[in-house]
Amino acid sequence: MVGYDPEARCVSTVEAAAAGSASGLVTRVLISPLDVLKIRFQLQIEQLSSRNPTAKYHGILQAVQRIFREEGLGAFWKGHVPAQFLSVGYGAVQFMAFESLTELVHNVTSYSARSSFVHLVCGGLAACTATVAVQPVDTLRTRFAAQGEPKIYPNLRHAVVTMYRTEGPRTFYRGLTPTLIAIFPYAGLQFFFYNILQQFSEWVIPAEGRKGGNIKNLVCGSCAGIVSKTLTYPLDVVKKRLQVGGFEHARAAFGQVRTYRGFLDCMRQIMREEGSGGFFKGLSPSLLKAALSTGLVFFWYELFCSLLCALKSPDSTGRKEG
C-alpha cells in the first residue's frame, strides 16, 4: 500500500523517491499525447465545437488528425524533455514527502498512518512541496506543448535563456497560485480515494481471491484520478492560461489570444467570454489522461516498491499486497 505502514515497512524514504521517479518516467512516455491534446484544448478561446467555424480544434479525433497532418507524429511529444524532468522530479519529491509525512503522523500523533483523512492531508502537502520544486519545468513543458509551427523555442536551452532575458525569472512561476490552490485538493483526493478504494476492495474481495494485486492498484488509481480531476479541473484551466502569458505571439495560428492580469482576472474573462463551460475545456482528454496517469503512477510505484523489497530480501514478503 502507498504510505507508511509500520507492519510492512521495507522501503526507505530514498527508495520511495526512486520508485516515484521511475513511475513518473514510464507513465509520462505513455500519456504524453493526451497531455498535448489537453493543453491545446485548454488554451483555445473559441468553443470546442464543429459548429464554430473559427475553432481550430473541435474534438479529440479531429484534433489528433489535424495535429498529425500539420505538425507530424512528433508533435504529440512536444515538450517531452521538460515533461520528463517534471515527471521524474515531481514523482520523487511527492512520494518521498508523502512517505515521510505519513510516518511523521504515525510517530507524533494519535492518528493512524493508514487513515484516509491522513492520506488526504499528507497527499495534498506532498504535492504542494513537489509543485514548488518543479513549477519552472512545468511552465517550460506547457510552452513547448502550446507552440505551433514555426517553433518559437527550438530547444530547451533556448527557451530558458529567452524567457529569462525577456520576461525575467518570475515567468518560470507563472500560474503558481492557481496551481497550489488546485494541487492540494487534487493530489489529496487522489491519495484519499485510492486509499478508500483499496480498503473497499479488501472488504469486497475475499482473501483467497486477491491474486491480481497489480491490476487492482491500476483500477483503484484510475478511478481516484477521474474523481479528483473532475472536482478540481477549472483551476487547471486557469493555470494553463496564465502559464502562456507573454507567449501570445506563438499562439496566433491557433485562434484568439487573451492577456490576463492574474488569477481572478483570468477567471472573470473566461466566465464572461466563454461561460462556465470554458472552465471545462479539454476535460475529455484530461479525464483519459487522469485515469491513465494516476492509475499507472500508483501501479508502477507499488510495483517498483515491491521489486525493491524483493531485491533487498529475496525471502521477504515486502509490503502487504495492495
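Remember, it's a predicted structure, so these values are computed and weren't measured experimentally.

## Some thoughts on the domain arrangement of the chain
At step 1: Its domain assignment divides the chain into domain 1 (12–78 + 277–309) and domain 2 (80–146 + 149–174).
At step 2: Just the C-alpha atoms count here: the centres of domain 1 and domain 2 sit 16 Å apart.
At step 3: In this assembly, 22 residues from domain 1 lie in contact with 19 residues from domain 2.
At step 4: Summing the contributions of domain 1 and of domain 2, the shared interface buries around 1,800 Å²; its carbon and sulfur component is 63%.
At step 5: When the area that domain 1 buries against domain 2 is broken down by residue, the three leading residues are T13, R28 and K78, summing to 33%.
At step 6: Here domain 1 is connected to domain 2 by zero salt bridges.
At step 7: Linking domain 1 with domain 2 are four residue pairs in polar contact (both at pLDDT 80 or more), by the criterion used here.

## A short note on the environment of Q94
At step 1: Relative to the elements of secondary structure, Q94 occurs in helix α3 (residues 80–108).
At step 2: What makes Q94 buried here is its relative accessible area of 6%.

## A short note on the pattern of salt bridges
Close approach of charged atoms lets side chains of opposite charge pair.
At step 1: For the structure on display, the rule yields 17 salt bridges.
At step 2: Where R143 meets E167, a salt bridge forms, and the shortest distance between an N and an O atom there is 2.9 Å. Pair noted here: R143 is in helix α4 (residues 116–146) and E167 is in helix α5 (residues 156–167), with a separation of 24 residues, a long-range link.
At step 3: A salt bridge links R241 to E274; the shortest N-O distance between them is 2.9 Å. Within this pair, whereas R241 is found in helix α7 (residues 213–243), its partner E274 is found in helix α8 (residues 263–274), the two being separated by 33 residues in sequence.
At step 4: The buried category is assigned to R241, whose relative accessible area is 4%.
At step 5: On the basis of relative accessibility, which here comes to 17%, the residue E274 falls in the buried class.

Rules used in this analysis
Residues numbered from 1 in each chain as written. Predicted model: local features only at pLDDT ≥ 70, side-chain atom pairs only at ≥ 80, totals over all residues. Heavy atoms only, no water. Domains from an automatic or database assignment. Contact = heavy atoms within 4.5 Å. Buried area = accessible area lost by both parts, 1.4 Å probe. Salt bridge = Lys/Arg side-chain N within 4 Å of Asp/Glu carboxyl O. Polar contact = N/O pair within 3.5 Å; in protein donor to acceptor, adjacent residues only side chain to side chain. Helix = DSSP H or I, 4+ residues; strand = E, 2+ residues; numbered from the N terminus. Buried < 20%, exposed > 50% of the residue type's maximum accessible area, 1.4 Å probe, protein only.

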